[in-house]
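# Structure assessment
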Amino acid sequence: MTERAKDGLNTAGNEGNAAANKPKAKADGAFHFLVRGSLARFASAWSVAESVQRLQQAQHNPPPSRFRNVRVDGAVWAEQVRLPRVVQWRRYAMQPVFTGAGGTEAGHAVLAGRFAPRGAVQLFCALWFGFLLFFMALGVQAILTHGWAVWWTVGMGVLLFGAGWGFIAAGRRAGQADIDALSALIEGALRAPKAEHGPP
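Residues numbered from 1 in each chain as written. Predicted model: local features only at pLDDT ≥ 70, side-chain atom pairs only at ≥ 80, totals over all residues. Heavy atoms only, no water.

### Focus on the packing of aromatic side chains
Per the counting criterion, the structure on display carries six aromatic pairs. Where Phe 98 meets Phe 115, the ring centres are 5.0 Å apart and the plane angle is 55°; that geometry is what we call tilted. Of this pair, Phe 98 sits in strand β5 (residues 97-105) while Phe 115 sits in strand β6 (residues 108-116), placing them 17 residues apart in sequence. With a relative accessible area of 0%, Phe 115 lands in the buried category. Note on Phe 129 and Trp 165: the rings are 6.1 Å apart at their centroids and 70° apart in plane angle, and the pair reads as edge-to-face. Note that Phe 129 is positioned in helix α5 (residues 119-146) and Trp 165 in helix α6 (residues 152-190), a separation of 36 residues in sequence. (Phe/Tyr/Trp six-rings, centres within 6.5 Å; stacked < 30°, edge-to-face > 60°. Helix = DSSP H or I, 4+ residues; strand = E, 2+ residues; numbered from the N terminus. Buried < 20%, exposed > 50% of the residue type's maximum accessible area, 1.4 Å probe, protein only.)

In structure tokens:
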């Protein structure tokens, strides 16, 4: 049996697991999204080399999906896949980027990775919250030393911490549309055409 025929016979099983391969982004909170991202795994009906080629083509000619005008940028290689969604007049700090790599599981190609904010945004948020925690610790020490006259130091820290957390939560909710659109593009590129499916 040829390799193409094997791919065709295994396509139904790959597509049957499509729901399991979608990123469980909706179950992840803002903290997980910021720290480790929303994990994702996509099974492919093609070899690793063919999967890379199809993803590269999808960058310029996205496959049909329920999302309109899905454009992506970035780089696609077997060792690393990095796909940010490009939407004209719509950019925000917490916009998720898919980062992953191709591999094989049980003889089939798999693209595994995560949807997460850019590294610079994660670093900024880490420094922001780290500074606020340090600031609030100093405020608590000041209260213990000078009394409640300096309570505002802790109050300001809590207020800024809450504002930062609200910013992340809002970005997480806004990023769901980009995660869904990128997932649809990746799945469409890695799915075999119906004409190449094996016999029913």
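Resuming the write-up.
### Here we look at empty space enclosed by the protein
Inspection of every chain in the model, using the stated rule, returns one cavity of 30 Å³ or more. In this model, the largest cavity occupies a volume close to 100 Å³. Around the largest cavity, the lining is made up of 15 residues, and of these Ser 51, Val 52, Gly 102, Val 110 and Leu 111 lie nearest the centre. Where the lining of the largest cavity is concerned, the elements lending two or more residues are α4 (48-60), β5 and β6. Considering every element that reaches the lining of the largest cavity, the biggest residue donor is α4, with four residues. Taken together, the residues that form the lining of the largest cavity break down as eleven nonpolar, four polar and no charged. (1 Å grid on protein atoms, 1.4 Å probe; cavity = no way out; pocket = protein on both sides within 12 Å on 5 of 7 lines; lining within 4 Å. Points joined across faces, edges and corners; volume = space filled by probe spheres on them. Nonpolar A, V, L, I, M, F, W, Y, C, P; charged D, E, K, R; others polar.)

### Here we look at the packing of α4 against α6
The geometry of α4 relative to α6 is characterised by a closest axis approach of 9 Å and an angle of 130° between their N-to-C directions. Here α4 is positioned oblique relative to α6, judged by the angle of their axes. In the packing of α4 onto α6, the handedness of the crossing is right-handed. Taking contact as the criterion, the partners of Ser 51, Arg 54, Leu 55 and Ala 58 in α4 are, on α6, Leu 185, Ile 186, Gly 188, Ala 189 and Leu 190. The residue inventory of the contact of α4 with α6, partitioned by class, reads six nonpolar, two polar and one charged. (Axes fitted to C-alpha atoms, helices over the stretch in contact; angles between N-to-C directions. Parallel < 35°, antiparallel > 145°, perpendicular 65-115°, else oblique. Left-handed = near helix turned anticlockwise from the far one by under 90°. Contact = heavy atoms within 4.5 Å.)

### Structural notes on unusual backbone geometry
We note that Ala 106 has phi near 55°; this positive angle belongs to a residue other than glycine. Topologically, Ala 106 is positioned in the loop between β5 and β6. Taking relative accessible area as the criterion, Ala 106 reaches 78% and is therefore assigned exposed.

### Things to note about the nonpolar core
Within the largest apolar cluster, 27 residues are counted, with the highest numbers of intra-cluster contacts made by Phe 42, Leu 55, Phe 98, Leu 111, Phe 115, Ile 168 and Ile 186. When contributions to this core are tallied by element, the ones reaching two or more residues are α3 (30-35), β1 (38-43), α4, β4 (81-86), β6, α5 and α6. In terms of residue count, α6 provides more of this core than any other element does, eight residues in total. (Core = buried A, V, L, I, M, F, W, Y, C linked by side-chain atoms within 4.5 Å.)

### Topic: the packing of α5 against α6
It is at 8 Å that the axes of α5 and α6 come closest, and there the two elements cross at 160°. By the angle between their axes, α5 is roughly antiparallel relative to α6. The handedness of the crossing between α5 and α6 is left-handed. The segment α5 lies against α6, with Cys 125, Trp 128, Phe 129, Leu 132, Leu 133, Phe 135, Met 136, Gly 139, Val 140 and Ile 143 engaging Thr 153, Val 154, Gly 157, Val 158, Leu 160, Phe 161, Gly 164, Trp 165 and Ile 168.

### Comments concerning the pairing of β6
As paired elements, β1 and β6 share six bridges and run antiparallel to each other. Within β6, the position partnered with Arg 41 by the bridge is Ala 112. Two elements, β5 and β6, share nine bridges in a ladder whose sense is antiparallel. Residue Ala 101 lies in a different strand from β6, and its bridge partner there is Ala 112. Between β5 and β6, which follow one another and run antiparallel, lie two residues, and Ala 106 among them has a positive phi close to 55°. (Pairing = 2+ DSSP bridges.)

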